[in-house]
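Fold and contact review
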Amino acid sequence: MKFRAHDTFFIRKGWLSKGMKYVNIKEDIFISKTENPMDVLGIGANMVKALRYWLQAVGLTKEPSTGRKVQHLTNLGKKVFDNDRFIEESGTLYLLHYELACNQEDATAWYFFFNEFNMSEFSRDDFVAALQRYIKMMNPSEDVAIRSLNDDFTCIVNTYVPRFKTNPSRVNPESNIDCPLGELGLVDILSKEKKTYRKAIPMASTINPWVALAIIQNQAQGKTEISLNELLTAPKNIGRVFNLDAITMLDVLYKIEQFGEIKINRTAGLDVININQKRTFEECVDHYYASLASKTNQEMKQ
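Residues numbered from 1 in each chain as written. Predicted model: local features only at pLDDT ≥ 70, side-chain atom pairs only at ≥ 80, totals over all residues. Heavy atoms only, no water.

To continue, consider the overall build of the protein. Counting its secondary structure elements, the protein contains 14 helices and eight strands. Computed over the C-alpha atoms, the radius of gyration of the protein is 20 Å, within 12% of the 19 Å expected from 2.2 N^0.38 for a compact globule of 302 residues. Principal axes of the C-alpha set define a box for the protein whose edges measure 60 × 50 × 45 Å. The 302 residues of the protein split such that 49% are buried. A separation threshold of at least 6 residues defines the contact pool for the protein, and within that pool the share at least 24 residues apart is 62%. Surface exposure of the protein reaches about 15,000 Å², of which carbon and sulfur atoms provide 47%. Within the protein, one finds 38 positive and 37 negative side-chain charges whose respective centroids are separated by 3 Å. (Helix = DSSP H or I, 4+ residues; strand = E, 2+ residues; numbered from the N terminus. Rg over C-alpha atoms; globule rule 2.2 N^0.38 Å. Buried < 20%, exposed > 50% of the residue type's maximum accessible area, 1.4 Å probe, protein only. Contact = heavy atoms within 4.5 Å. Areas by Shrake-Rupley, 256 points an atom, 1.4 Å probe, with all protein chains shown as cover. Lys, Arg positive; Asp, Glu negative; His and termini not counted. Charge placed at Lys NZ, Arg CZ, Asp CG, Glu CD.)

Okay, helix H1 (residues 15-25) next. It helps to recall that an α-helix has 3.6 residues per turn; residues three or four apart then point in one direction. Buried within H1 are the following residues: Trp15, Leu16, Ser17, Gly19, Met20 and Val23. Those residues of H1 that are buried are in contact with helix H3 (45-57), strand E1 (61-62), strand E2 (72-73), helix H4 (75-83) and helix H5 (90-101).

Along the chain, Asn243 turns up in the loop between helix H12 (238-241) and helix H13 (246-258). Assessed through its relative accessible area of 10%, Asn243 is described here as buried. Among the polar contacts made by the side chain of Asn243, one reaches the main-chain carbonyl oxygen of Ala200 at a distance of 3.2 Å. Residues in contact with Asn243, not counting those within four places in the same chain, are Phe114, Leu186, Lys199, Ala200, Ile201, Pro202 and Ile238. (Polar contact = N/O pair within 3.5 Å; in protein donor to acceptor, adjacent residues only side chain to side chain.)

A word on the packing of helix H10 (residues 209-220) against H13. Axes are the key here: two packed helices are described by the angle between their axes and the distance separating the axes. Between H10 and H13, the least distance of the axes is 9 Å, while the angle of their chain directions is 100°. The angle between H10 and H13 places the two elements in the roughly perpendicular class. Facing H10, whose interface residues are Pro209, Ala212, Leu213 and Ile216, H13 presents Val252, Leu253, Lys255 and Ile256. Here the contact of H10 with H13 is built from residues that sort into seven nonpolar, no polar and one charged. (Axes fitted to C-alpha atoms, helices over the stretch in contact; angles between N-to-C directions. Parallel < 35°, antiparallel > 145°, perpendicular 65-115°, else oblique. Nonpolar A, V, L, I, M, F, W, Y, C, P; charged D, E, K, R; others polar.)

Attention now moves to the packing of helix H6 (residues 108-115) against helix H8 (residues 146-160). Where H6 contacts H8, the axes come no closer than 10 Å and their chain directions differ by 65°. Between H6 and H8, the crossing angle belongs to the class labelled roughly perpendicular. Both H6 and H8 take part in a crossing whose hand is right-handed. Only Asp152, Cys155, Ile156, Thr159 and Tyr160 of H8 make contact with H6, whose side of the interface consists of Ala109, Trp110, Phe113 and Phe114. Split into classes, the residues belonging to the contact of H6 with H8 amount to seven nonpolar, one polar and one charged. (Left-handed = near helix turned anticlockwise from the far one by under 90°.)

What follows deals with the sheet that holds strand E8 (residues 272-275). Strand order in the open sheet made by the three strands is E6-E8-E7, with antiparallel pairing throughout. This sheet does not close on itself; its edge strands, each paired only once, are strand E6 (225-227) and strand E7 (262-265). Across the sheet, the axes of successive neighbouring strands diverge by a mean angle of 25°, strand direction being ignored. Two strands pair when backbone bridges link them, and E6 and E8 are joined in this way by three bridges, in the antiparallel orientation. Looking across to E8, one finds that Ile226 is bridged to Ile273. Here H10 sits on the sheet in contact with E6, E7 and E8, set at roughly 90° to E8. Of the strands in this sheet, E7 and E8 are in contact with H13, which crosses E7 at around 130°. (Pairing = 2+ DSSP bridges.)

Glancing now at the state of the cysteines. For the structure on display, the rule yields zero disulfides. With no disulfide of its own, Cys155 lies 8.1 Å from the sulfur of Cys179, the closest cysteine sulfur. With relative accessibility at 2%, the residue Cys155 sits in the buried group. (Disulfide = S-S within 2.5 Å.)

The next subject is the packing of aromatic side chains. Counted according to the given criterion, the structure contains 20 aromatic pairs. Each ring, one from Phe127 and one from Phe153, has its centre 5.5 Å from the other, and the planes form 40°; the classification is tilted. With Phe127 in helix H7 (residues 124-138) and Phe153 in helix H8, this residue pair connects regions lying 26 residues apart in the sequence. Residue Phe127 shares its accessibility class with Phe153, and that shared class is buried. Connected via pairs of aromatic rings, a cluster forms that spans Phe112, Phe113, Phe114, Phe117, Phe122, Phe127, Tyr134, Phe153, Tyr160 and Tyr197. One residue, Arg12, lies across the ring of Phe10, its end atom 4.0 Å from the ring centre. Over the aromatic face of Phe113 sits the side chain of Lys199, whose NZ or CZ is 4.8 Å from the ring centroid. (Phe/Tyr/Trp six-rings, centres within 6.5 Å; stacked < 30°, edge-to-face > 60°. Lys NZ or Arg CZ within 6 Å of the ring centre and 35° of its normal.)

Listed below in structure tokens is the structure:
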């Protein structure tokens, strides 16, 4: 389990794109002795440390567990770098969010928030108390400073709640202070006065069916029949990581069914989906970006 590895810095717009660019050019950019990463990346020392962490936490890069800690792009990182380098597509954001919300080891608070924390409306104290119980249950000997848990909560809020909602009078339209994941609308303010928040359900239309299928296939672990309840409630599956309710999830599944990739079976009380063709996570991501390219070509012809 890891807490406060971000050093209180949430992801800023442009950070991940810049990080991928320079990792692709120079794998040792974060540990280089010949070039100062602060000068190359144009950010301060603590931000460099945070960016190094975030690139790995969202699944774009990885470092070897032993030896020299150089970074290189993951398979997902290569696909994003080749197809959506500036991370402008909502599907890319959902994929990065999925990686982050499933990163139980390196982004424990994020994993807990989306997969184990059952309160839909909550305060900082609610979340921190529940996270403390989770830590004790998972590792009774683990002693995590309360400040670290509070800072993780603040960082989660800053990750998913745009600043125009928290401080509308202090937002500069040209500022890059917001986190791009805030565009997904997964967390909202319930009461500014009481400092309470709520998990928000995204619109089904914002979730590309290939992105949803990538997650379903990734979590299926070889199964070709999966219950709707598992899709909705199992940790790391589409219901949990995307805050979906049953109706919204079915809307997403119907779109996947239209592609011929799954069959929804709700007869005789089964309530399952059958996967028509086994695909890897990477294959689904390839189909997602291919669908974007096809759409662009069609628009250009019109």
